[in-house]
Amino acid sequence: MLTSIVANLARNALEHLGDAAVCRVVIRVLGANDAVRIEVEDTGPGIAPAIEKMVFEPHVRASGARAPGSRLGLATVQRLTEAHGGRVGLRAVVGSGSLLWVELPKASPEAAHLCEARSSTSA
């Protein structure tokens, strides 16, 4: 699930770099008290304010976008994130790039211990 979320965010950023003078995608993982935040920031053209609220909906494409695809990547990110108790969001400046993020709750200590125990028995 986490691989799918990060891959879709990264793929989206790479596909929309366009003709930016500097082509860069940065992926960050930040920890907070009870959540983990994953950010994917790019130096592409940004997201127009008119579609900011719709980018996580299926089949949404900015006018003039040249990237191929079904436009399900960000909808998949939102669906998987929310199914695991998380949330999604973005910050964009037209002409300066975008930062899309997901926040997922950290596993409880009991769940983390259970995962460790399972992985040590399968090794």
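Just above sits the structure.
Residues numbered from 1 in each chain as written. Predicted model: local features only at pLDDT ≥ 70, side-chain atom pairs only at ≥ 80, totals over all residues. Heavy atoms only, no water.

K.L.:
So, the nonpolar core: which residues are in play, and what are the values?
P.N.:
Within the largest apolar cluster, 17 residues are counted, with the highest numbers of intra-cluster contacts made by Ile 5, Leu 9 and Val 102. Listing elements by their share of this core, those giving two or more residues are helix H1 (2-15), strand S2 (35-42), helix H2 (73-83), strand S3 (87-93) and strand S4 (97-105). Beyond its immediate stretch of four places on either side in the chain, Ile 5 contacts Val 77, Leu 80, Thr 81, Val 102 and Leu 104. (Core = buried A, V, L, I, M, F, W, Y, C linked by side-chain atoms within 4.5 Å. Buried < 20%, exposed > 50% of the residue type's maximum accessible area, 1.4 Å probe, protein only. Helix = DSSP H or I, 4+ residues; strand = E, 2+ residues; numbered from the N terminus. Contact = heavy atoms within 4.5 Å.)

K.L.:
With reference to specific residues and values, describe the packing of aromatic side chains.
P.N.:
For the structure shown, the criterion picks out zero aromatic pairs. The lysine or arginine in question, Arg 37, covers the ring of Trp 101, its NZ or CZ lying 4.3 Å from the ring centre. (Phe/Tyr/Trp six-rings, centres within 6.5 Å; stacked < 30°, edge-to-face > 60°. Lys NZ or Arg CZ within 6 Å of the ring centre and 35° of its normal.)

K.L.:
Describe in detail the pairing of strand S1 (residues 25-31), supporting the description with residues and values.
P.N.:
Side-chain positions along a regular strand alternate between the two faces of the sheet. Relative to S2, S1 runs antiparallel, the two sharing seven bridges. Directly across from Val 25, in S2, lies its bridge partner Asp 42. A loop of three residues connects S1 with S2, the two strands running antiparallel in sequence. (Pairing = 2+ DSSP bridges.)

K.L.:
Give a detailed account of the packing of H1 against H2, specifying residues and quantitative values.
P.N.:
Pairs of packed helices are described in terms of their axes, by the angle between the two and the distance that separates them. Contact pair H1 / H2: the axes reach a minimum separation of 9 Å and the direction vectors enclose 150°. Classified by the angle between their axes, H1 and H2 sit roughly antiparallel to one another. Considering the relative orientation of H1 and H2, their crossing is left-handed. Between H1 and H2, the residues in contact are Ser 4, Ile 5, Asn 8, Leu 9 and Asn 12 and Gly 73, Leu 74, Thr 76, Val 77, Leu 80 and Thr 81, respectively. Classifying every residue of the contact of H1 with H2 by side-chain character gives five nonpolar, six polar and no charged. (Axes fitted to C-alpha atoms, helices over the stretch in contact; angles between N-to-C directions. Parallel < 35°, antiparallel > 145°, perpendicular 65-115°, else oblique. Left-handed = near helix turned anticlockwise from the far one by under 90°. Nonpolar A, V, L, I, M, F, W, Y, C, P; charged D, E, K, R; others polar.)

K.L.:
Tell me what's going on with the side chain of Thr 76, and back it up with residues and numbers.
P.N.:
Note on placement: Thr 76 falls in helix H2. Not counting chain neighbours up to four residues away, the residues in contact with Thr 76 comprise Ser 4 and Asn 8.

K.L.:
Hey, could you go over H2 for me, with residue numbers and the actual values?
P.N.:
Those residues of H2 lying buried are Leu 74, Ala 75, Thr 76, Val 77, Leu 80 and Thr 81. Buried residues in H2 make contact with H1, S3 and S4. Once H2 ends, the next one or two residues include Gly 85, with phi positive near 80°.

K.L.:
I'd like a description of H1, backed by residues and values.
P.N.:
In this model, H1 (14 residues) spans 20 Å end to end at C-alpha, consistent with the 20 Å of a helix rising 1.5 Å per residue. Looking only at H1, the buried set comprises Ile 5, Asn 8, Leu 9, Ala 10, Asn 12 and Ala 13. (Expected span 1.5 Å × (residues − 1).)

K.L.:
Can you tell me about the pattern of salt bridges, naming the residues and giving the values?
P.N.:
Two side chains carrying opposite charge are able to pair once their charged atoms lie near each other. This model, assessed by the stated rule, comprises six salt bridges. Two residues, Glu 41 and Arg 28, come together in a salt bridge whose shortest N-O distance is 2.6 Å. Residue Glu 41 is found in strand S2, and its partner Arg 28 is found in strand S1; the two are separated by 13 residues along the sequence. Residue Glu 41 is classed as partly exposed on the basis of its relative accessible area, which comes to 25%. Here Arg 28 falls in the partly exposed class, since its relative accessible area comes to 27%. Glu 103 is the partner of Arg 37 in a salt bridge, and the nearest nitrogen-oxygen pair spans 3.0 Å. Linking Arg 37 in strand S2 with Glu 103 in strand S4, this pair joins segments that are 66 residues apart in sequence. On the basis of relative accessible area, Arg 37 is assigned to the partly exposed category, the value being 21%. By relative accessible area, Glu 103 is classed as buried at 18%. Via salt bridges that share partners, Arg 28, Arg 37, Glu 39, Glu 41, Arg 87, Arg 91 and Glu 103 belong to a single interconnected network. (Salt bridge = Lys/Arg side-chain N within 4 Å of Asp/Glu carboxyl O.)

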